[in-house]
Amino acid sequence: MSQVFLGMPAHAPADVRALHGTQPFPAAARTALADSQLRRNLGAATATIRGKRAAAVAEVDDWEQLRFAGQQIKAATMARLDEHLIRLEQAVTERGGTVHWARDAAEANRIVTELVKAAGADEVVKVKSMATQEIGLNEALAEAGIAAWETDLAELIVQLGHDTPSHILVPAIHRNRAEVREIFLREMPGVDPDLADDPRELAMAARTHLRRKFLTAQVAVSGANFAVADTGTLVVVESEGNGRMCLTLPPTLITVMGIEKVVPSWADLEVYLQLLPRSSTGERMNPYTSTWSGVTAGDGPQEFHLILLDNGRTAVLADDVGREALHCIRCSACLNVCPVYERTGGHAYGSVYPGPIGAVLTPLLTGVLDNPTLPYASTLCGACFDACPVRIDIPSLLVHLRARSTELRAERRLVPTSEAVAMTVASWVMSKPRLFAWATRAARLGRLIARRGRIRSLPPPLSAWTATRDAPEPPTSTFREWWLNGKERS
Amino acid sequence: MTTGSARDEVLARIRHALSASPTEPIEPVRGYRRTGQYSPGAPQLLDRLTERLTDYRAAVHAATPRTLVSVLEAALDGTRRVLVPPGLPAEWIPASAVIDDGGMSPAELDAVDAVLTACTAAAADTGTIVVDASPDQGRRAITLIPDRHVCVVRAAQVVQTVPELLSRVDPHKPLTFISGPSATSDIELRRVEGVHGPRTLIVVLLSD
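Given the structure is predicted, the values throughout are model-derived calculations rather than measurements. (Residues numbered from 1 in each chain as written. Chains lettered and ligands numbered in written order. Predicted model: local features only at pLDDT ≥ 70, side-chain atom pairs only at ≥ 80, totals over all residues. Heavy atoms only, no water.)

A.B. asks: Explain the overall build of chain B to me, using residue names and the numbers behind them.
C.D. replies: Counting secondary structure elements, chain B contains five helices and twelve strands. The C-alpha atoms of chain B give 21 Å as radius of gyration, which overshoots the globular expectation for 208 residues (17 Å, by more than 25%). Seen through its principal axes, chain B has C-alpha atoms that stretch 70 × 45 × 40 Å. Counting the 208 residues in chain B, one finds 56% classified as buried. A sequence separation of at least 24 residues applies to 75% of the contacts in chain B between residues at least 6 apart. Accessible surface, chain B as shown: approximately 8500 Å² in total, 51% of it carbon and sulfur. Across chain B, the centroid of the 21 positively charged side chains sits 3 Å from that of the 25 negatively charged ones. (Helix = DSSP H or I, 4+ residues; strand = E, 2+ residues; numbered from the N terminus. Rg over C-alpha atoms; globule rule 2.2 N^0.38 Å. Buried < 20%, exposed > 50% of the residue type's maximum accessible area, 1.4 Å probe, protein only. Contact = heavy atoms within 4.5 Å. Areas by Shrake-Rupley, 256 points an atom, 1.4 Å probe, with all protein chains shown as cover. Lys, Arg positive; Asp, Glu negative; His and termini not counted. Charge placed at Lys NZ, Arg CZ, Asp CG, Glu CD.)

Spelled out as structure tokens, the structure:
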């Protein structure tokens, strides 16, 4: 067992289930691809949002300058992350809030559970939050006898459907209106049995269902989109008003926030509040953004707790290339433009963070050996980089993680992969001209099993290549033969 | 272990992570637009704000000091219980309105039909209005629970860009940025207006 030294950056523990899928990406993707309903739902939804985003972005003539600023502010913040967090803690404390620190998911869950119990509550209302999904807060609260009510419509659909989120912004993107109606009819107490599958009627059913909860809840739990170090201001960006309800009405508010969400100054928000809504929902601005600094007498919660969460983030920070993944503002634009995500959906990634950013962030948080297939869940087409509002170079990060994964496996002297064996053999053959000439001529044998210019399956160990792609039919002559022939003709 | 040690440990981890590859702090380049081409209250901005809010399915009515009372009456038409914050200008307050004393519970606010407030500032480019809990805007709950929010925006409060908007608000106050009535796109990414926040937003644009 390896010893953990105090102050060494640490990955998210292996028992953080929301970051560890039950099967590798290729296997999960194969199951997802066979689900034609899922592919139809996803195809329609991502096409809609891609169109809206493109129109909203095209309207902004300084979009590229905003992206550069968004990238640089995040990079500058990470370079002094400790200082900014200390300033944030001080500003929040001065304004009547209490700041807690959590090394990992279990510690954060323990702090929240104790705070809810101290408030004398046995239930909480929740604003959609990636951080609390990541740490499995709802499950931890349930074990302590505390019910957590998701109030975002999509999260509610996921929770009532005993399902898991498949998209950062729209966790129920894999469900269509008919499926949502069925879930509501089955799981929502007192729902109108004549409920139609019209999105408006379904949204109204959710409003009625949650109204009493909002008006009587004693504790709310939220995440945060941003936290301003200078002013101690927390920011939650939302659409439905469920966020405002949770942030305003219950007497106690608990906010769980990843340490990378801090920004140095109030003026930094002018960049992100332009980039985020247009990138995520394709709107000029989201309907509601709430900001608060500590507590305000006579207005909103009179007790405010902020939990600053590591859970693998310091390990990401320690990777001087991978660090860039911490710049993510969770807009989900990269998911919507990704040809892989559009076909497999979010569940195949086995992580609460799916899509291109999930394929880098998840292995960075857990260590790449815990999620070795995710860096390969991409065609490296680059659409994610173009869409990213803070210019995270996701394709380069994927390549970096593929290299890390190979290096780490070699270091650990794990059984060499057929890829490693093939490369060793190739390097030996290619270093011997006569052997290489023979080998390229021998490859012509492949023509025997080719059909219409393609080889669909090769015998082991080469089957590892053709399991996921066709091999081209070898040409009738080798390059050397073609070259010599050409010389003779001239 | 105590919470104090978690703080020390997370900070030590961060310092360790950064020490391996120290980077010089860079000053971010802010090459984007920080001020608009129109000055606050310009007619072009009022038109743009109106267009953007209408696009979000909010209703916008123009008013002058002379027509304001009748415009507000029309905006509150059909409501029986109207709430106003304690510092609203006296001449705006409808005769039947109740003045919020901070004592009404969420359940009591749920029985109110409409709320009438002022605002802090607005941005035309994004169709955004900010309320900051000042006496003429009230505590956050009163603009949240009643199903209709009538908000008076003075022409001089309308700026063009988001950076200008943020420079005009006080980050230490509890702020709500409102861009249209509450909405969701969670089912098949089809936008539906009106979920948990006020389902009707009526903006009254007050010019001299």
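After that view of the structure, there is still more to cover.
A.B. asks: How would you explain the pairing of strand 4 (residues 114–117) of chain B if you had to name every residue and give the values?
C.D. replies: Residue and element names in this part refer to chain B. Here strand 4 shows two buried faces, one formed by Ala114 and Leu116 and the other by Val115 and Thr117. As paired strands, strand 2 (residues 82–84) and strand 4 are joined by two bridges and run parallel to one another. Directly across from Leu83, in strand 4, lies its bridge partner Val115. By the bridge criterion, four bridges tie strand 4 to strand 7 (residues 148–154) in an arrangement that is parallel. (Pairing = 2+ DSSP bridges.)

A.B. asks: Give a description of the domain arrangement of chain A that names residues and reports values.
C.D. replies: Domain boundaries in chain A define domain 1 (26–59 + 322–408), domain 2 (63–163 + 209–311) and domain 3 (418–489). Computed over C-alpha atoms, the centres of domain 2 of chain A and domain 3 of chain A are 56 Å apart. (Domains from an automatic or database assignment.)

A.B. asks: Outline the packing of aromatic side chains, supporting the account with residue identities and numerical values.
C.D. replies: Residues and elements named next belong to chain A. Tallied over the entire structure, the rule returns seven aromatic pairs over all chains. Through pairs of rings, three or more aromatic residues link up here, namely Phe25, Tyr341 and Tyr349. The ring of Tyr272 has Lys74 lying over it, and the distance from NZ or CZ to the ring centre is 5.5 Å. For the cation-ring pair, Arg244 lies above Tyr288, with the distance from its terminal atom to the ring centre recorded as 4.5 Å. (Phe/Tyr/Trp six-rings, centres within 6.5 Å; stacked < 30°, edge-to-face > 60°. Lys NZ or Arg CZ within 6 Å of the ring centre and 35° of its normal.)

A.B. asks: Pulling in residues and values, what's your account of the packing of helix 2 (residues 36–58) of chain A against helix 12 (residues 269–280) of chain A?
C.D. replies: Residue and element names in this part refer to chain A. For the pair helix 2 and helix 12, interaxial distance at closest approach is 7 Å and the crossing angle is 145°. On helix 12, the residues touching Ile49, Arg53, Ala56 and Val57 of helix 2 are Arg278, Ser279 and Ser280. Residues that form the contact of helix 2 with helix 12 fall into these classes: three nonpolar, two polar and two charged. (Axes fitted to C-alpha atoms, helices over the stretch in contact; angles between N-to-C directions. Nonpolar A, V, L, I, M, F, W, Y, C, P; charged D, E, K, R; others polar.)

A.B. asks: Go over unusual backbone geometry, please, and point to the residues and values.
C.D. replies: Residue and element names in this part refer to chain A. Not every positive phi belongs to a glycine, and Arg330 is a case in point at roughly 60°. Relative to the helices and strands, Arg330 is located in the loop between helix 13 (313–318) and helix 14 (333–337). In this model, Ser332 sits at a positive phi of 80°, which is unusual for a non-glycine residue. Along the polypeptide, Ser332 turns up in the loop between helix 13 and helix 14.

A.B. asks: Mind laying out the interface of chain B and chain A, listing which residues take part and the relevant values?
C.D. replies: When the parts of a complex come together, some accessible area is lost, and that lost area is often used as the size of the interface. Between chain B and chain A, the residue contacts involve 79 residues of the former and 99 residues of the latter. A combined buried area of about 7900 Å² lies between chain B and chain A, and 58% of that area is made up of carbon and sulfur atoms. Contact with chain A buries area across many residues of chain B, yet Arg13(B), Leu189(B) and His196(B) alone supply 11% of it, more than any other trio. Our count for the chain B to chain A interface comes out at 14 salt bridges. We note a salt bridge from Arg52(B) to Glu59(A), for which the minimum N-O separation is 3.8 Å. When contributions to the side of chain B that touches chain A are tallied by element, the ones reaching two or more residues are helix 1 (3–19), helix 2 (43–55), helix 4 (106–109), helix 5 (162–167), strand 9 (175–178), strand 10 (183–184) and strand 11 (192–193) of chain B. By residue number, the principal contributor to the side of chain B that touches chain A is helix 1 of chain B, which donates 14 residues. Classifying every residue of the side of chain B that touches chain A gives 36 nonpolar, 20 polar and 23 charged. (Buried area = accessible area lost by both parts, 1.4 Å probe. Salt bridge = Lys/Arg side-chain N within 4 Å of Asp/Glu carboxyl O.)

A.B. asks: Could you give me a rundown of the pairing of strand 7 (residues 252–258) of chain A, with the residues and numbers involved?
C.D. replies: All names here are of chain A. By the criterion of burial, strand 7 is predominantly enclosed, with seven of the seven residues buried. By the alternation rule, side chains of strand 7 split into Thr252, Ile254, Val256 and Gly258 and Leu253, Thr255 and Met257, which are all buried. Relative to strand 7, strand 4 (residues 219–222) runs parallel, the two being bridged by four bridges. Bridge pairing in strand 7 links Val221 to Ile254. In this structure, strand 7 lies alongside strand 10 (residues 303–309), joined through seven bridges in parallel fashion.

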